[in-house]
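# Observations on the three-dimensional arrangement
The chain contents come next:
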Amino acid sequence: ARVGAQPNDAVHIGGVNVLVSHNHIHHGQYTGIRWRGNDHVMEYNHIHHECYNSSDCGGIHSGRDWTWRGNVIRYNHIHDVQRHHPGASVRGIMLDDEYSAVLIENNVFYNNDLHANIGGGRDNVI
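Here we summarise the structure given alongside this text. Just so you know, these numbers come straight off a predicted model, no measurement behind them.

Trp35, Ile60 and Ile73 are the most contacted members of the largest nonpolar core, which has 21 residues in total. Every element with two or more residues in this core is listed here: strand 4 (33–35), strand 10 (91–96) and strand 11 (102–105). With sequence-adjacent residues up to four places away left out, Ile73 is seen in contact with Trp35, Met42, Ile60, Ile93, Val102, Leu103, Ile104, Glu105 and Asn107.

Structure representation (structure tokens):
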């Protein structure tokens, strides 16, 4: 994802039941992991220095469809996700625009603009 800025994600998944695990994702222009769909698991990833050339994004990010449910974000190490350009904040984990039904547990955060953001939605558990 070093070629351009938004919306070049390092990992972009869709569908149902995808596992994203044990990755080292860093120095990306936009989001580290972005997903669409249901029942995905994102775990044991080391994510840092994402959103390098953007604002209003996250190290792990999804949104805009409250029907995508049952996703899990756990055991990740997320740090140094910070805004370098004018605009909205960047987040370690960003659940944007009514995103719902995500379990976020046992992650390690530090030195982020915001560690986790829930932008509406329902049935999210941190």
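All right, on to the environment of Gly87 then. Of note, Gly87 is situated in the loop between strand 9 (77–79) and strand 10. Sequence separation between Gly87 and Asp56 is 31 residues, and the spatial gap between their C-alpha atoms is 6.8 Å.

This part is about the sheet that holds strand 13 (residues 114–118). Within the open sheet, the 5 strands sit side by side as 1-4-7-10-13. Their pairing is parallel. This sheet does not close on itself; its edge strands, each paired only once, are strand 1 (11–13) and strand 13. Geometrically, the sheet is characterised by an average inter-axis angle of 10° between neighbouring strands, direction not taken into account. Across 5 bridges, the pairing between strand 7 (residues 58–63) and strand 10 is parallel. Paired with Ile60 across the bridge in strand 10 is Ile93.

To continue, consider the pairing of strand 11. Alternating residues of strand 11 divide into Val102 and Ile104, all buried, and Leu103 and Glu105, none buried. Here 4 bridges tie strand 8 (residues 71–74) to strand 11, and the two strands are oriented parallel to one another. What sits directly across from Arg74, in strand 11, is Glu105.

Let us look at the side chain of His61. In this structure, His61 sits in strand 7. At 3.5 Å, the side chain of His61 and the side chain of Thr31 are in polar contact. Polar side-chain contacts of His61 include one of 3.5 Å to the side chain of Arg34. Setting aside anything within four residues of it in sequence, one finds His61 in contact with Tyr30, Thr31, Ile33, Arg34, Trp35, Asp56, Met94 and Asp96.

Here is what the cut-offs are and how they apply
Residues numbered from 1 in each chain as written. Predicted model: local features only at pLDDT ≥ 70, side-chain atom pairs only at ≥ 80, totals over all residues. Heavy atoms only, no water. Core = buried A, V, L, I, M, F, W, Y, C linked by side-chain atoms within 4.5 Å. Buried < 20%, exposed > 50% of the residue type's maximum accessible area, 1.4 Å probe, protein only. Helix = DSSP H or I, 4+ residues; strand = E, 2+ residues; numbered from the N terminus. Contact = heavy atoms within 4.5 Å. Pairing = 2+ DSSP bridges. Axes fitted to C-alpha atoms, helices over the stretch in contact; angles between N-to-C directions. Polar contact = N/O pair within 3.5 Å; in protein donor to acceptor, adjacent residues only side chain to side chain.

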